[in-house]
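# Results of the structural survey
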Amino acid sequence: MNLEAAATNSNFIRNIVLDDLATGKVRAVVTRFPPEPNGYLHIGHAKSICLNFELAQEVGGQTNLRFDDTNPSKEDEEFVKAIQEDVTWLGFTWNQLCFASDYFEEMYERAVLLIQKGLAYVCDLTPEEMRTLRGTLTTPGQESPYRRRTMEENLDLFQRMRSGEFPDGSKVLRAKIDMTSPNINLRDPVLYRIAHATHHRTGDLWRIYPMYDFAHPLEDAIEGVTHSICTLEFEDHRPLYDWVIEQCEMPSRPRQYEFARLNLTNTVMSKRKLKQLVEEGVVDGWDDPRMPTISGLRRRGYTPEAIRSFAREIGVAKSNSVVDAHMLEYFVREDLKMKALRTMAVLRPLKVVITNYPEGESEWLEAENNAENPALGARLIPFSREIYIEQDDFMESPPPKYFRLFPGNEVRLKHAYFIRCEEVVKDAAGRVVELRCTYDPETKSGTGFAGRKVKGTLHWVDASHAKAAQFRLIEPLILDDVDEAGDDLLGRLNPRSMEVVEGYVEEGLEIAGSDKFQFFRHGYFSVDSRLTSPELPVFNLTVSLKSSFQL
RNA sequence: UGGGGAGUAGCCAAGUGGUAAGGCAACGGACUUUGACUCCGUCACUCGCAGGUUCGAUCCCUGCCUCCCCAGCCA
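Residues numbered from 1 in each chain as written. Chains lettered and ligands numbered in written order. Predicted model: local features only at pLDDT ≥ 70, side-chain atom pairs only at ≥ 80, totals over all residues. Heavy atoms only, no water.

What follows covers the protein's contact with RNA strand B. Lining the immediate environment of RNA strand B, one finds 66 residues, of which Met327, Arg342, Phe403, Ser445 and Gln518 sit closest. At a separation of 3.1 Å, a sugar or linking oxygen of RNA strand B approaches a polar side-chain atom of Asn320. Listed by contribution, the elements that provide at least two residues to the surface near RNA strand B are helix H6 (127-134), strand E6 (190-194), helix H12 (304-314) and helix H13 (325-337). For the surface near RNA strand B, the residue count by class is 24 nonpolar, 21 polar and 21 charged. (Near = heavy atom within 4 Å. Polar contact = N/O pair within 3.5 Å; in protein donor to acceptor, adjacent residues only side chain to side chain. Helix = DSSP H or I, 4+ residues; strand = E, 2+ residues; numbered from the N terminus. Nonpolar A, V, L, I, M, F, W, Y, C, P; charged D, E, K, R; others polar.)

Within a regular strand, the side chains alternate between the two sheet faces. Because side chains alternate across strand E1 (residues 30-33), one face comprises the buried residues Val30 and Arg32, and the other comprises Thr31 and Phe33, equally buried. The pairing of E1 with strand E2 (residues 62-67) spans four bridges and is parallel. Considered in E2, the bridge of Thr31 is made with Thr63. Taken together, E1, helix H3 (residues 43-58) and E2 constitute a β-α-β crossover, and its handedness is right-handed. (Buried < 20%, exposed > 50% of the residue type's maximum accessible area, 1.4 Å probe, protein only. Pairing = 2+ DSSP bridges. Right-handed = clockwise from strand over helix to strand, strands pointing away.)

Met107, Phe158, Leu173, Tyr192 and Phe214 are the most contacted members of the largest nonpolar core, which totals 38 residues. Looking at this core, the elements that each hand over two or more residues are helix H5 (104-116), strand E4 (120-123), helix H7 (151-162), strand E5 (172-175), E6, strand E7 (208-210), helix H8 (212-223) and helix H9 (238-247). Per-element accounting of this core gives the leading share, seven residues, to H5. Leu41, Ile307, Leu328 and Phe331 belong to the second largest nonpolar core, which has 35 residues in total. (Core = buried A, V, L, I, M, F, W, Y, C linked by side-chain atoms within 4.5 Å.)

The seven strands lie next to each other as E19-E16-E17-E18-E12-E15-E20, forming an open sheet whose pairing is mixed. What marks the edges here is a single partner per strand, and that holds for strand E19 (457-458) and strand E20 (461-462). Relative to strand E15 (residues 386-390), strand E12 (residues 349-354) is paired through five bridges, and the arrangement is antiparallel. Residue pairing in the sheet places Leu350 in a bridge with Ile389 of E15.

This brings us to the sheet that holds E7. Taken in spatial order, the four strands of this open sheet run E4-E5-E6-E7, and their pairing is antiparallel. Taken across any chain shown, the strands that pair with only one partner, and hence form the sheet edges, are E4 and E7. Sheet twist, expressed as the average angle between the axes of neighbouring strands with direction ignored, equals 20°. (Axes fitted to C-alpha atoms, helices over the stretch in contact; angles between N-to-C directions.)

The next point concerns the state of the cysteines. Counted by the stated rule, this structure contains zero disulfides. Just so you know, Cys50 is unpaired, no disulfide at all, and the nearest cysteine sulfur is the one on Cys230, 18 Å from it. Judged by relative accessible area, which is 3%, Cys50 ranks as buried. As a non-bridged cysteine, Cys248 has Cys230 as the owner of its nearest cysteine sulfur, 18 Å distant. Since its relative accessible area comes to 0%, Cys248 is described here as buried. (Disulfide = S-S within 2.5 Å.)

With that settled, the discussion passes to unusual backbone geometry. A positive phi angle, near 60°, is found at Glu249, a position not held by glycine. Within the fold, Glu249 resides in the loop between H9 and strand E9 (255-259). Positive phi values are uncommon outside glycine, yet Asn266 reaches one of about 50°. For Asn266, a relative accessible area of 27% translates into the label partly exposed.

Of all the positions in H9, only Leu240, Tyr241, Trp243, Val244 and Ile245 are classed as buried. Close packing links the buried residues of H9 with H5, E5, H8, strand E8 (227-231) and E9. Of the residues trailing H9, Glu249 is marked for its positive phi of about 60°. (Contact = heavy atoms within 4.5 Å.)

Moving on, we get to the pattern of salt bridges. Enumeration according to the criterion identifies 49 salt bridges in this entry. Between Arg201 and Asp102 there is a salt bridge, with the nearest N and O atoms lying 2.9 Å from each other. Of the two residues, Arg201 is situated in the loop between E6 and E7 and Asp102 in the loop between strand E3 (97-99) and H5; the sequence distance between them amounts to 99 residues. Looking at Asp102, the relative accessible area reads 49%, which means it is partly exposed. The closest approach of N and O atoms between Arg436 and Glu434, which form a salt bridge, is 2.8 Å. Under the relative-accessibility criterion, Arg436 is labelled partly exposed at 25%. Residues joined in a network through salt bridges with shared partners are Arg32, Arg66, Glu219, Asp220 and Glu223. (Salt bridge = Lys/Arg side-chain N within 4 Å of Asp/Glu carboxyl O.)

By the secondary structure assignment, Leu173 is in strand E5. Taking the relative accessible area as the measure of exposure, Leu173 reaches 0% and is therefore buried. Linking Leu173 and Leu232, residues 59 residues apart in sequence, is a C-alpha distance of 26 Å.

Here we take up the pairing of strand E13 (residues 362-368). Here E13 shows a clear split, with Glu363, Leu365 and Ala367 buried on one side and none of Ser362, Trp364, Glu366 and Glu368 buried on the other. In terms of strand pairing, E13 meets strand E14 (residues 378-384) through seven bridges, oriented antiparallel. Bridged to Glu368 within E14 is Ala378.

Between H5 and H8, the shortest axis-to-axis distance is 11 Å and the interhelical angle comes to 115°. The angle between H5 and H8 falls in the class roughly perpendicular. In the packing of H5 onto H8, the handedness of the crossing is right-handed. Here Glu106, Met107, Arg110, Ala111 and Leu114 of H5 lie close against H8, whose contacting residues are Phe214, Ala215, Leu218, Glu219 and Ile222. For the contact of H5 with H8, the per-class residue count stands at seven nonpolar, no polar and three charged. (Parallel < 35°, antiparallel > 145°, perpendicular 65-115°, else oblique. Left-handed = near helix turned anticlockwise from the far one by under 90°.)

In structure tokens:
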């Protein structure tokens, strides 16, 4: 795939931007990524981040990282830090770091302006009363009895709301628009609510906080954002967005455009649900390698490049869709293919004794680190009389077309020799515990031996130099097709989302200067940043290799 | 029964009044010291459905169908 071409994949938002530039409607493009710091970023956010940053980048524009921190009861500094780390890790640099809370004073002034223009009023209705008067989808709403308060009274009340005179929930500031609008968002929406909560940045300075519908357009306008990109559910808020910009007399005129959020098969993509998994201890944190969070993907071994390529390739459109998770996997494999050292690990060891190999002797064999990328060099691996192979690579009575090891069969040991299975050793229970094989010195790797061919090539680890390691085999945390699970998230948990096995890796992997490896015939693995130790390295399965093999 | 959106292959997704890009998946075959990779090939006579306009419609018009979103003092 041509990355340059992919970077300029056509999509409707890009077309709008290009057109705005061509017609002179805007001179320079400014976008923004506006997360609320109430959770960690996930792969769905990555789609938005890539869209905003890459689009601006393409046309020489700017992108701000702006925290939409207008609800202190849900937000936290921890998330502010994590979000910045994730955006940076993805490879983006924002032009300005902004906080909606930095604009609270200006927002307040704009609200006062609305009151002065007779376009906003303080309303004492209870939430229940307000809901009742709002009407329904098919019936118009009715005006609040407080709608006719005088401008002076509204100004006074709003100021007193600010000063903390009233308890939470007792009053709100509402826009005066149209209670009969077929668009419910225009039925006198709430602009400010009272919240005696400590804000992570402004502390106890404010007792009133602006609502999204009021704050967001102002934030965009204040920053000079030209293209405010958000998701589909905000589509019918756009008239209100425009109303706020217009009536608050903002000099700058941002436009809102909506696209479909990312959905992935076997993945939950809502902060609320991800938070639930964290809080109920289903996972070991937001960065659990099974989580679709940026930090989880990072810990699992995904690369920023892979995520960016994925984001470009899935496109940007307005129809609700569910992307096959195979696509995401494809892009990590693609990225790691040339980067990762291709080494050997045995996940479920079976001992093999090479009976004709001299006892007490060993030799060092040369192995290239990545056959497709010579720049990655080569290493020496030990070989001796006892090695481990994969339990799955032996069957006592195999089906047809099984070309791994079985009694009498000969296979190649990657980077080493051909071996033939001569004898099977079992324990009292009849389980195979050891294989006794012979090797043929003439078949040594690299000698160009062509005397005969074998169908199978196995990976292995020398027993005397093997390093014990733990492997965490990851599968989807949440399954799509669970009968009768309904909306019960926990009912959709995959019982096999993580299988932990212990086996061996080649010695010396820790000094390879990388935390990502391909383990031959298994897949790509990454050192777990939290669990690994010098005594027992721990690897997470980033993604398995494709395989057409089936028994 | 209100308003706002969307329907192009199994999944994403371009596209335009001139005869359906690309990617993922899948399936054949070649190659192979990874049952991987790579390579070659296959995969929409048709763009939700029905009419209409036109020399010609996925694109324009009309009607219909299906799906998604909206009744937080969340974002």
